[in-house]
Amino acid sequence: MGKKVDILSNGITILLLLIGMAFLILGIWREEYAIVMGKAINICLECIGIG
Amino acid sequence: MDKKVKKSERFRHFFQVLWAVITNSYLIGFVRGKIYQGKIKNVCVPGMNCYSCPGAVAACPIGALQATIGSYEYKFAFYVAGFMILVGTIMGRFVCGWLCPFGLIQDLLNKIPLPSKLKVHTFKGDKQLRWLKYVILLVFVILLPLYLTDMIGQGYPWFCKLICPVGTLEGGIPLVLLNEAMRATVGWLYAWKNIILVVTILLSIMIYRPFCKYICPLGAIYSLFNPVSILRYRVDSEKCVNCGACANVCKMGCNPVNNANSLECIRCGKCKAICPTSAIKIQLFKNKAEK
């Protein structure tokens, strides 16, 4: 009985999962990955201490 | 009991090395002094792994977050925030303990033997200093890239630029060594970042994971999910004999009996391995018996 997963006490976890998925989908729809890609495929001079 | 802890640590280090190799598998980059430019770089890795590391095959989430909120097109990073919320909700700071190459480096550095006087377990102000990572997250990762912009509204990745020793170690040093054009451009900023790296390395020998405890903004983000993450620890109060072994073995300064899912727990599993009554358990989702 005690080991049963309590849907109510896991409500925040489930809500966060849904928010995370919604954000990710929205980010893909807004093509934000292109910014990530653009930054990641070029040497980031700031990151390595040059720029 | 000690054997059990050593065995669990060996397995964790094997997993950390395996993950570091997989996520930095563009080995030819280390020979040519260039970085991977393939399509996987659309995607972030869960841990701190500089995308300017010659071997990196994916993007650093903290770098990606600053790049997106600092761009003139977007002022909110749904893509990266969504990724972090998902990873954080699924496993919390398990990422720090198992999936972060810089965590692995600090783990290994801390194994270097020193006179016991120089090995610092805790100090006055340790607890207060843990809040610094949240300040760094807010100021250098969010506010400065968002508001300190140039004429076209483009912000800079201030955390990467001024603080992050990961970029210096994984990207700066190999690229400057391998690339002659880069060698010619190093200046005060490169020197500053190398000083931070050297201090981080020296402190890591004395203190367990100082970067994770006090500086890392990614650890700060994931820590907020620890109390609600799907993957979690539970202490069976009927089995627990309050011997204190779990609190003594924890190098992050947690006491699982008081809070099995504290903000600082990196799910390394040492407490679970040392528990004489096997009272500490890993579980998925919170169950009714949990306090």
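Residues numbered from 1 in each chain as written. Chains lettered and ligands numbered in written order. Predicted model: local features only at pLDDT ≥ 70, side-chain atom pairs only at ≥ 80, totals over all residues. Heavy atoms only, no water.

Named according to an unreviewed UniProt entry, chain B is 4Fe-4S binding protein originating from Frisingicoccus caecimuris.

In the nomenclature of an unreviewed UniProt entry, chain A corresponds to Thioredoxin from the organism Frisingicoccus caecimuris.

Draft legend 1. Here's a closer look at the overall build of chain B. The helix and strand inventory of chain B stands at 16 helices and two strands. What you see for chain B is a C-alpha radius of gyration of 20 Å, in line with the 19 Å of a compact globule of 291 residues. Dimensions of chain B along its principal axes, counting C-alpha atoms only, are 60 × 40 × 35 Å. Taking the intrachain contacts of chain B between residues at least 6 apart in sequence as the baseline, contacts between residues at least 24 apart amount to 73%. Accessible area for chain B stands at about 13,500 Å²; split by element, carbon and sulfur atoms hold 69% of it. (Helix = DSSP H or I, 4+ residues; strand = E, 2+ residues; numbered from the N terminus. Rg over C-alpha atoms; globule rule 2.2 N^0.38 Å. Contact = heavy atoms within 4.5 Å. Areas by Shrake-Rupley, 256 points an atom, 1.4 Å probe, with all protein chains shown as cover.)

Draft legend 2. Representation of the nonpolar core. Formed by 48 residues in total, the largest nonpolar core has its most connected members in Met48(B), Ile62(B), Val80(B), Met84(B) and Phe159(B). For this core, the elements supplying multiple residues, two or more each, are α2 (33-40) of chain A together with α3 (61-69), α4 (78-91), α5 (94-98), α8 (132-147), α9 (158-162) and α14 (217-225) of chain B. Residues in contact with Phe159(B), not counting those within four places in the same chain, are Met48(B), Ile62(B), Gln66(B), Ile136(B), Phe140(B), Val141(B), Cys164(B), Phe211(B), Ile215(B) and Pro217(B). (Core = buried A, V, L, I, M, F, W, Y, C linked by side-chain atoms within 4.5 Å. Buried < 20%, exposed > 50% of the residue type's maximum accessible area, 1.4 Å probe, protein only.)

Draft legend 3. Molecular detail of the interface of chain A and chain B. Taken together, the 41 residues of chain A in the interface contact 55 residues of chain B. For the pair chain A and chain B, the number of links is 11 residue pairs in polar contact (both at pLDDT 80 or more). When residues of the side of chain A that touches chain B are traced back to their parent elements, those giving at least two are α1 (11-29), α2 and α3 (45-48) of chain A. Looking at the side of chain A that touches chain B, the element that brings in the most residues is α1(A), giving 13 residues. Residue composition of the side of chain A that touches chain B, grouped by class: 24 nonpolar, nine polar and eight charged. (Polar contact = N/O pair within 3.5 Å; in protein donor to acceptor, adjacent residues only side chain to side chain. Nonpolar A, V, L, I, M, F, W, Y, C, P; charged D, E, K, R; others polar.)

Draft legend 4. Seen up close, the pattern of salt bridges. Residue and element names in this part refer to chain B. Tallying each qualifying case throughout the model produces nine salt bridges over all chains. Residue Arg 130 pairs with Glu 264 through a salt bridge whose shortest N-O separation is 3.0 Å. Of this pair, Arg 130 sits in the loop between α7 (126-129) and α8 while Glu 264 sits in the loop between α15 (245-249) and α16 (270-274), and the two are 134 residues apart along the sequence. Residue Arg 130 is classed as buried on the basis of its relative accessible area of 9%. Note on Glu 264: relative accessible area 13%, which makes it buried. When salt bridges with common partners are traced through the structure, they connect Arg 93, Asp 126, Arg 130, Lys 133 and Glu 264 into a single cluster. (Salt bridge = Lys/Arg side-chain N within 4 Å of Asp/Glu carboxyl O.)

Draft legend 5. Structural detail: the domain arrangement of chain B. All names here are of chain B. What the domain assignment reports for chain B is domain 1 (3-107 + 116-223) and domain 2 (231-284). The gap between the C-alpha centroids of domain 1 and domain 2 is 27 Å. The interface is formed by 19 residues belonging to domain 1 together with 15 residues belonging to domain 2. Summed over both partners, the interface of domain 1 with domain 2 comes to about 1,600 Å²; 58% of that surface belongs to carbon and sulfur atoms. Among the residues of domain 1 in contact with domain 2, Val 5, Arg 93 and Tyr 208 are the three that bury the most area, contributing 32% of the side total. Inspection of the domain 1/domain 2 interface yields three salt bridges. Here domain 1 and domain 2 share seven residue pairs in polar contact (both at pLDDT 80 or more) between them. Of all elements in the fold, only α1 (2-23), α4, α5 and α8 reach the threshold of two or more residues within the side of domain 1 that touches domain 2. A per-element tally of the side of domain 1 that touches domain 2 places α1 first, with five residues. Class assignment for the residues of the side of domain 1 that touches domain 2 results in eight nonpolar, three polar and eight charged. (Domains from an automatic or database assignment. Buried area = accessible area lost by both parts, 1.4 Å probe.)

Draft legend 6. Summary view of the packing of α4(B) against α14(B). All names here are of chain B. Relative orientation of the contacting elements α4 and α14 amounts to 55 degrees, with a least axis distance of 8 Å. Comparing the axis directions of α4 and α14 gives the class oblique. Crossing angle aside, the handedness with which α4 passes α14 is right-handed. Residues Phe 83, Met 84, Ile 85, Val 87, Gly 88 and Thr 89 of α4 form the contact with α14, whose participating residues are Leu 218, Ile 221, Tyr 222 and Phe 225. Grouping the constituent residues of the contact of α4 with α14 by class yields eight nonpolar, two polar and no charged. (Axes fitted to C-alpha atoms, helices over the stretch in contact; angles between N-to-C directions. Parallel < 35°, antiparallel > 145°, perpendicular 65-115°, else oblique. Left-handed = near helix turned anticlockwise from the far one by under 90°.)

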